[in-house]
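This is what each chain is made of:
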Amino acid sequence: MKKFYKSTRGHQEPLDFYTSILQGIADDGGLLVPDFPFEKKDLNALKDLSYVDLATEVISSFVPEDAKEDIRACAKGAYDTGAFKKGVVPVVKVGNQWIMELFQGPTAAFKDLALTMLPRFMTLSLKKKNEDREVMILAATSGDTGKAALEGFKDVPGTCIKVFYPIDGVSAIQKQQMTTTTGHNTEVIGIEGNFDDAQTAVKKAFASQELKDLCDQHHVFLSSANSINVGRLIPQIVYYFHAYLTLVKNGDIAMGDEVNFTVPSGNFGDCLAGWIAKNMGVPVHKFIVASNKNKILTDFFTTGVYDTHREFYKTNAPAMDILVSSNLERLVWFMVGKDSKKVDEFYKELNTSGVYKVDQETLETIQKEFAAGYQSEEDVLKNIKDCYDTDHYVLDTHTAVGYGVYKNYVKETGDTTPNILLSTASPYKFPESVYEALTGEKVDVFTAIDKLHELTGVEIAYPLKGIKDREILHKGVIKKDEILKTIGDRIKES
């Protein structure tokens, strides 16, 4: 069976896997989605596999049949080189639930699980397509994607990467991580705006005929490291299988028992990957979508209305400070029966009015599989302290959102299905907020790292040790309406 990827909006010819990776986003502004049935996996056959072998088996379902050994090589390079020093994805029992620690990689955030694979997908795809142009990777970030993408693509032959971040919309640690990045092919640019401004501009860049013409003139093509690239989404499916099978192997559940996953959500790629895992055989009862004060996803899953006409808040969980949740478009496509015409109408309406609404039948279909809730900034701090006082486990601010949303979900529903909470970042990525939660004391971010370690004894994540003393290498800041011009200028310089 040939495996093609089509646009959620239906105005582009289907693409093969390699072209999908290189192109990043559909020409019509939609997102590329698998246009073939998901392969059901035999969980018993996967149960005792290493993470590399599990990734090979799961990811091979999305690539040409003759590419399995290529995928194994990609997985080995991503996950078996010592970059994940405490295991790729530890799963630990905390109170009455399990926490999937997705932050043990080279930038201490969950994005590492996909962004150690994407550059390898890109290199493989360049080879398979006999492509000799330089790939210019564009990424908008609300914090973690930026550093993980920079680390993944740093010094990768045939590529350069440009990351745009809101100067007041990421944590101090995230900013320090990005602006101190080395590598001959990396550039980090601050914008006077928010994440949605950056993400919208990057999407416009892919649709710009002027930039396409410039790329042709300078022997360059654009691709994406954001989760709009299907190559970001596919590796995330693996850790849902891994977490489920870990509970089975440990005797916490029996094979075939259902679990819930609580997922801190901003751009929604992480949760969408879980839904795909469910459709590939992971027994999931409910996905619990957890949002911060920018609760656009909570409102959508509750009412079916996606309404961007609201105040934008900068919070202590900044990676979730998002009003345009890109991967939701992919979920909507699946939930309306892969009706690209309907999705196209929704997103035209969103672009013109800032609002769209799904029909009641679609909403009911969504609510069968998804629940949603949100937490305030005060809730986040309380959740961190409650978890530490009760179970001596230190949450970061984003995981604390999920922790509180799950507790409320249980109170409201009485659902006792075993729950796996996705922990998306090390607490040392947001140490000032975590330390304040535990002590009530406000200190600067770098002092907070040391004080948090002294207080809790939790080891400082290895990518963050000594971060205060690293040299700032990327100092550029532009206005949000200068992003497209800046991209054009970088193409001309290539």
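Provided above is the structure to which this section pertains.
My aim in this report is to walk through the structure given alongside it, one point at a time. (Residues numbered from 1 in each chain as written. Predicted model: local features only at pLDDT ≥ 70, side-chain atom pairs only at ≥ 80, totals over all residues. Heavy atoms only, no water.)

Brief notes about the overall build of the protein chain
Item 1. From N to C terminus, the protein chain includes 21 helices and 15 strands.
Item 2. Expected size for 494 residues packed as a compact globule is a radius of gyration near 23 Å; at 21 Å, the protein chain falls within 12% of this value.
Item 3. Based on the C-alpha atoms only, the size of the protein chain along its principal axes is roughly 60 × 50 × 45 Å.
Item 4. Buried positions account for 62% of the 494 residues belonging to the protein chain.
Item 5. Intrachain contacts of the protein chain at a sequence separation of at least 6 include 75% that bridge at least 24 residues.
Item 6. Of the roughly 18400 Å² of accessible surface on the protein chain, 47% is carried by carbon and sulfur atoms.
Item 7. Averaging the positions of the 57 positive and the 70 negative side-chain charges in the protein chain gives two centres separated by 1 Å. (Helix = DSSP H or I, 4+ residues; strand = E, 2+ residues; numbered from the N terminus. Rg over C-alpha atoms; globule rule 2.2 N^0.38 Å. Buried < 20%, exposed > 50% of the residue type's maximum accessible area, 1.4 Å probe, protein only. Contact = heavy atoms within 4.5 Å. Areas by Shrake-Rupley, 256 points an atom, 1.4 Å probe, with all protein chains shown as cover. Lys, Arg positive; Asp, Glu negative; His and termini not counted. Charge placed at Lys NZ, Arg CZ, Asp CG, Glu CD.)

Considerations on the packing of aromatic side chains
Item 1. Under the counting rule described, the total for this entry stands at 26 aromatic pairs.
Item 2. What links up through ring pairs into an aromatic cluster is the set Tyr239, Tyr240, Phe261, Phe268, Phe287, Phe300, Phe301, Tyr306, Phe346, Tyr347, Tyr356 and Phe370.
Item 3. One residue, Lys293, lies across the ring of Tyr313, its end atom 4.2 Å from the ring centre. (Phe/Tyr/Trp six-rings, centres within 6.5 Å; stacked < 30°, edge-to-face > 60°. Lys NZ or Arg CZ within 6 Å of the ring centre and 35° of its normal.)

Some thoughts on the nonpolar core
Item 1. With 111 residues, the main nonpolar core has Tyr79, Phe261, Leu328 and Phe370 as its most contacted residues.
Item 2. If one sorts the elements of this core by residue count, helix H11 (residues 230–249) sits on top with 13 residues.
Item 3. Ignoring sequence-local partners within four residues, the contact set of Leu328 consists of Asn267, Phe268, Leu297, Phe300, Phe301, Tyr306, Tyr347 and Tyr356.
Item 4. Formed by 40 residues, the second largest nonpolar core is a distinct cluster that contains Tyr388, Leu395, Tyr435 and Leu438. (Core = buried A, V, L, I, M, F, W, Y, C linked by side-chain atoms within 4.5 Å.)

Comments concerning the packing of helix H17 (residues 377–391) against helix H18 (residues 397–413)
Item 1. Closest axis-to-axis distance for the H17/H18 pair is 8 Å, and the angle between their directions is 80°. Relative to H18, the element H17 lies roughly perpendicular. Between H17 and H18, the contacting residues are Val380, Asn383, Ile384, Asp386, Cys387 and Asp391 on the first element and Thr397, Ala400, Val401, Tyr403, Gly404 and Lys407 on the second.
Item 2. Broken down by class, the residue content of the contact of H17 with H18 amounts to 6 nonpolar, 3 polar and 3 charged. (Axes fitted to C-alpha atoms, helices over the stretch in contact; angles between N-to-C directions. Parallel < 35°, antiparallel > 145°, perpendicular 65-115°, else oblique. Nonpolar A, V, L, I, M, F, W, Y, C, P; charged D, E, K, R; others polar.)

What to know about the pattern of salt bridges
Item 1. Tallied over the entire structure, the rule returns 28 salt bridges.
Item 2. As a salt-bridge pair, Lys128 and Asp70 come within 3.1 Å of each other at their nearest N and O atoms. Of the two residues, Lys128 is situated in helix H6 (residues 118–128) and Asp70 in helix H4 (residues 68–79); the sequence distance between them amounts to 58 residues.
Item 3. As a salt-bridge pair, Lys385 and Asp389 come within 3.2 Å of each other at their nearest N and O atoms. Linking Lys385 with Asp389, this pair stays in helix H17, spanning 4 residues, or about one helical turn.
Item 4. The class of Lys385 is partly exposed, set by a relative accessible area of 34%.
Item 5. Residues joined in a network through salt bridges with shared partners are Lys162, Glu187, Arg490 and Glu493. (Salt bridge = Lys/Arg side-chain N within 4 Å of Asp/Glu carboxyl O.)

Comments concerning the sheet that holds strand S6 (residues 159–166)
Item 1. The strand order across the open sheet formed by 5 strands is S8-S5-S6-S7-S15, and the pairing between neighbours is parallel. At either margin of the open sheet sits one strand with a lone partner, and together these are strand S8 (220–224) and strand S15 (477–479). Between one strand axis and the next, the sheet turns by 30° as a mean value, whatever way the strands run.
Item 2. On the sheet, helix H7 (residues 144–153) packs against strand S5 (134–140), S6 and strand S7 (186–192) and is oriented at approximately 170° with respect to S6. (Pairing = 2+ DSSP bridges.)

Thoughts on the packing of helix H3 (residues 51–59) against H11
Item 1. Two elements in contact, H3 and H11, have axes whose closest approach is 9 Å; the angle formed by their N-to-C orientations is 125°. Accordingly, the angle class assigned to the pair H3 and H11 is oblique. Crossing of H3 over H11 shows right-handed handedness. Across the interface between the two elements, Tyr51, Leu54, Ala55, Val58 and Ile59 from H3 touch Ile234, Pro235, Ile237, Val238, Tyr239, Phe241, His242 and Leu245 from H11.
Item 2. Residues of the contact of H3 with H11, tallied by class, amount to 12 nonpolar, 1 polar and no charged. (Left-handed = near helix turned anticlockwise from the far one by under 90°.)

Re the sheet that holds strand S3 (residues 91–94)
Item 1. Within the open sheet, the 6 strands sit side by side as S3-S4-S14-S9-S10-S13. Their pairing is mixed. The strands lining the two open edges of the sheet, one partner per strand, are S3 and strand S13 (370–374). Going across the sheet, the axis of each strand differs from the next one's by a mean of 25°, ignoring polarity.
Item 2. Inspection of the sheet shows S3 paired to strand S4 (residues 97–101) by 4 bridges, in the antiparallel sense. If you follow Val91 over to S4, its bridge partner there is Met100.
Item 3. Here helix H12 (residues 269–279) sits on the sheet in contact with strand S9 (259–264), strand S10 (284–291), S13 and strand S14 (419–423), set at roughly 175° to S10.

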